[in-house]
Amino acid sequence: MKQQQVDYQDLIDLKFKVYYMDCAVHKKQYGYDDFSVYKKLTKRFEIMWDNKTRLVELLVMEKGKENAGFIEERIPIEGLQELKKYLFMFGHLSKEEYNKTLPYNDTTNIPLAC
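Counting restarts for each chain: residues are numbered from 1 in the order of the written sequence. The predicted nature of this model means local features are confined to residues of pLDDT at least 70 and side-chain atom pairs, given and counted, to a pLDDT of 80 or more, with totals for whole chains, interfaces and linings taken over all residues. Where side-chain values are given, they derive from all heavy atoms of the structure, hydrogens and water being excluded.

Participant: Whenever I open this one, the sheet that holds strand β1 (residues 17-21) confuses me. Can you help?
Facilitator: Sheet strands pair by backbone hydrogen bonding; their relative direction is either parallel or antiparallel. Pairing is antiparallel in the open sheet, where five strands are placed in the order β1-β2-β3-β4-β5. Looking at which strands have only one partner, the edges of the open sheet turn out to be β1 and β5 (71-77). Neighbour to neighbour, the strand axes of the sheet diverge by 30 degrees on average, direction disregarded. By the convention used here, strands pair only if DSSP detects at least 2 bridges between them. Think of it this way: any DSSP run of H or I at least four residues long counts as a helix, any run of E at least two long counts as a strand, and we number them from the N terminus. Pairing between strand β2 (residues 34-40) and strand β3 (residues 45-49): four bridges, direction antiparallel. Across the sheet, residue Val37 finds its bridge partner in β3, namely Trp49. It only takes one pair of heavy atoms within 4.5 Å for two residues to be counted as in contact. Structural elements are reduced to axes, namely lines fitted to C-alpha atoms, with helices fitted over the stretch in contact, and the angle between N-to-C directions of any two is expressed from 0 to 180 degrees. Contacts between helix α3 (residues 80-89) and the sheet are confined to β2, β3, β4 (56-61) and β5, with β5 contributing the most and set at about 130 degrees to the helix.

Structure representation (structure tokens):
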């Protein structure tokens, strides 16, 4: 599987959040403030976009209060269409919006979990 880059504006359109980090070292090295673009799906699942590679991955966080914030697993997301599939499966995208992304309006590709 080769991941495809996802554009920043596509993520903003999908209601992703942008978090700016105040880091003098990063700003000195790259010339801009570091930031992350993410969407929290549940307590244990979130989607993160790498602003340097423009690739997206699903993060599975560890269970339990003592492990809060630790990443258990990283699952690469192929591209925008697969990203929308995850958003639909987790209830962050309507069926109508998801169906618009399918090639040739093929609604047989809807995940079974829904």
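Participant: Can you help me understand the pairing of β3 in this one?
Facilitator: Here is the key point about a regular strand: its side chains alternate between the two faces of the sheet. Remark: four residues form the turn of the hairpin made by β2 and β3, two consecutive strands paired antiparallel. Between the end of β3 and the start of β4, which pair antiparallel, lie six residues, with Arg54 showing a positive phi angle near 65 degrees.

Participant: Whenever I open this one, the nonpolar core confuses me. Can you help?
Facilitator: Side-chain atoms within 4.5 Å are what join buried Ala, Val, Leu, Ile, Met, Phe, Trp, Tyr and Cys residues into a set we call a nonpolar core. The classification of residues rests on relative accessible area computed with a 1.4 Å probe and restricted to protein chains. Under 20% of the type maximum is buried, over 50% is exposed, and intermediate values are partly exposed. Residues Phe16, Ile47, Leu83 and Leu87 are the most contacted members of the largest nonpolar core, which totals 18 residues. Elements supplying a minimum of two residues to this core: β2, β3, β4 and α3. For this core, the element with the most residues is α3, which contributes four residues.

Participant: Teacher, can you tell me more about the side chain of Lys39 here?
Facilitator: Residue placement: Lys39 occurs in strand β2. The convention is simple: Lys and Arg are positive, Asp and Glu are negative, and His and the chain ends are not counted. Here a salt bridge means any side-chain nitrogen of Lys or Arg lying within 4 Å of a carboxyl oxygen belonging to Asp or Glu. Buried charge without a salt bridge: Lys39, with Asp13 as the nearest opposite-charge side chain at an N-O distance of 12 Å. Within 3.5 Å is the distance limit for a polar contact, defined as a pair of N or O atoms, with the added protein rule that one can donate a hydrogen and the other accept it, and that residues adjacent in sequence qualify only through two side-chain atoms. Engagement of the side chain of Lys39 in a polar contact is seen with the backbone oxygen of Leu14, the distance being 3.4 Å. Not counting residues up to four positions away in its chain, the partners in contact with Lys39 are Leu14, Lys15, Phe16, Glu46, Ile47, Leu87 and His92.

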